[in-house]
Amino acid sequence: MASGSDVMERPAVPAETPPAASGRRWLVPVLLLVGWALSVAWRMWLSRHIVLPIAHTDEDSYLNTARALAGGPGGFSSENDLLRRVGYPMLISPAFLGDRDFTDSYRLVQLINAMVNSTLLPLAYLLGRRLLQLRRSYALLGAVVAATLPAAAFYAGVAMIDTVMAPLVIAWLLAVHRWVERPGPLAAATVGLLVGAFHLLHSRGLVIVAVHAGLVLLLLIRRRITPAGVLAALLPVLALALANEAVIRLLGDKVYLLGSTPGGSMVEAVASGPGVVRVGAAVATQLWYLVVITFGMAGVAWAAAVRELWRPRRGDATRWTMGVALVVSVGVASGASVILAGITGKPLDAIYGRYVQMLAPFWLLVGLGVLLTAGRRVVLRRAAVAVALLVAGGALIAVRLAYVASRGHTLRYGGFGAPDLMALTGGWREMRPVVGSLIGIAACLLLVAAVQVPRLRLPLLGALVVVNLITMQVIDQRLVRPMAASTAPTPRVADVGVRPGERVWASTGVHYILRFNLSHQVTWADVRWFREQPPAAAQVVFTRWAPGQPDDWDGAKYGFVRLGGNVEQHWAAWRRA
């Protein structure tokens, strides 16, 4: 390998096996199938303690919509008219077919999640072979590293759209690479379908739709595609956007929206110098986060991708793919930061990495591809860029946190903002940017040193898998289990005597998390809310139970008899006498 070359420019990997071994071609598909099954089993094992939603109100919104799509009662959604999407509820709606307890349906949702999320393994292998041109052994083990990365695996246990996004990103970028390499209507339509899927799933798909439109335009200007190819690439996006609107109209008012449509607050958030600085700091924080959780590999990959863009090679599909991935990474981080800054009803986040997590497996694989295929001098230069990003990012975030604290304010810091960063840095109650940078730098330098010894490369990839498994176990012990225990109302609704078919309402005096999880167990109706006096139609109500406190609800004066509940959780069920 020439010292100035990079992973994007290396020749195709020669065949690893002689023709006599061609009969073993079935081995890799079998390994991938077995690996996928084990991946599903691992994700289901991790979710065993989650029997009710823990990520409110996102899960509640998706689950209520999915139940309505399956023909059941509707419910609320925290979405708004502009950013409403039905793709994920459509995916999980089969879990609500038939007459079953909510916990059974929720377990089926987790199974669907695990099956879809685990496709990251074969897709990552294809990325390693086709885009990065890795040896089979490297591609296989690298795919396992990507498939176990907490940024992707964490969401398989909850009913959130993020469980689909990471494998979809890799599938889309693989399709882009294929399309640019061999333009044709089928390849164009495949890319369009995947982009349309992004739009159908989440509002961050708008960024990908915009990038897709720009890519189509550039390819047309460069005469790499024909007008027919343009139509093939754009029509599926339009079709799925129309499908989203059609399903929304089909739902009607069965699912009612509680979210506020973004307006001038987003513009105001970036309409001043301080606002631009705040949003810029949030974008930098998300990008720094990607570098940390990929052991510095995202920084290595970005350096390699930018270098490739500066040295264009006509007909190089990898260059186009890397350019698309770079633009999407910055675009998603920026879009998320602007939208979050425009939500004025709650404090800003110290970090909210959820929107960029879907990109972590891709950049991890690209970074590993650089380390495993490029020359020593190239690897050192790319690693130097990663280290510089970690140092600058950690310093910037530390200054930002110190400045906010000096002004007497706090930035929100929650479990779903960056669970893997919490586990890696031990920052469960506060963000620790310096520790995160040090961990990223140490991991990056260790990887660079180890890949210089060929016999250490496979053990090194295996070690990354172990780190991912341990990180997920720590997240499960320190974050998931406590959240599951604290958000599950006991006893169950059925155990206090609430019967199917009864008209149930819930008081806003019950803590919203418990209120939502009580309501989910009422599978036969949409549980509406009231403040003090229940409506005349209510047969059973969930209310606050706090003896001796002013807000303790006395149902006797409204003609109700208490069935039971949990005084420590401050809720009770009452039936009209």
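Residues numbered from 1 in each chain as written. Predicted model: local features only at pLDDT ≥ 70, side-chain atom pairs only at ≥ 80, totals over all residues. Heavy atoms only, no water.

Caption draft 1: Spotlight on the packing of aromatic side chains. Evaluated as defined, the whole model comprises 18 aromatic pairs. Taking the centre distance of 5.4 Å and the plane angle of 15 degrees together, the rings of Trp553 and Tyr558 count as stacked. On the accessibility criterion, Trp553 (4% relative accessible area) is buried. In this structure, Arg48 is placed above the aromatic ring of Trp45, and the distance from its NZ or CZ to the ring centre is 3.9 Å. It is Arg515 that lies over the ring of Trp529; its NZ or CZ is 4.8 Å from the centre. (Phe/Tyr/Trp six-rings, centres within 6.5 Å; stacked < 30°, edge-to-face > 60°. Buried < 20%, exposed > 50% of the residue type's maximum accessible area, 1.4 Å probe, protein only. Lys NZ or Arg CZ within 6 Å of the ring centre and 35° of its normal.)

Caption draft 2: Geometry of helix H17 (residues 376-406). Helix length check: H17, at 31 residues, gives a terminal C-alpha distance of 45 Å against a target of 45 Å (1.5 Å per residue), a fit within 8%. Val378, Val379, Arg382, Ala383, Ala386, Leu390, Gly393, Gly394, Ile397, Arg400 and Val404 are the residues of H17 that are buried. For H17, the elements touching its buried residues are helix H13 (273-293), helix H14 (297-310), helix H16 (360-373) and helix H19 (433-451). Trailing H17 by a residue or two, Gly408 shows a phi angle of about 80 degrees, which is positive. (Helix = DSSP H or I, 4+ residues; strand = E, 2+ residues; numbered from the N terminus. Expected span 1.5 Å × (residues − 1). Contact = heavy atoms within 4.5 Å.)

Caption draft 3: Geometry of the pattern of salt bridges. For the coordinates displayed, the defined rule picks out 10 salt bridges. When the shortest N-O distance is used, the salt bridge between Arg492 and Asp495 registers 3.3 Å. Across the pair Arg528 and Asp526 runs a salt bridge, and its minimum N-O distance is 2.6 Å. The structure contains a network of salt bridges with shared partners spanning Asp58, Asp162, Arg204 and Arg354. (Salt bridge = Lys/Arg side-chain N within 4 Å of Asp/Glu carboxyl O.)

Caption draft 4: Region of interest: the pairing of strand S5 (residues 540-543). Across the two faces of S5 the burial is the same, with Val540 and Phe542 and Val541 and Thr543 all buried. Of the strand pairs in this sheet, strand S3 (residues 504-507) and S5 are connected by 3 bridges, and their pairing is parallel. Directly across from Ala506, in S5, lies its bridge partner Phe542. Bridge count for S5 against strand S7 (residues 571-576) is 4 bridges, and the pairing is antiparallel. Among the inter-strand pairings, Thr543 is bridged to a residue of S7, identified as Ala572. (Pairing = 2+ DSSP bridges.)

Caption draft 5: Expanded view of the sheet that holds strand S6 (residues 560-566). Reading across the sheet, the 5 strands line up as S4-S3-S5-S7-S6 and stay open at both edges, with mixed pairing between neighbours. The sheet terminates laterally at strand S4 (528-530) and S6, the two strands that pair on one side only. Recorded for the sheet is a direction-independent mean angle of 30 degrees between the axes of neighbouring strands. Alignment of S3 against S4, held across 3 bridges, turns out to be parallel. Counterpart to Ala506 in the pairing with S4 is Trp529. The strands touched by helix H21 (residues 512-520) are S3, S4, S5 and S7; relative to S3, the strand with the most contacts, the crossing angle is about 175 degrees. (Axes fitted to C-alpha atoms, helices over the stretch in contact; angles between N-to-C directions.)

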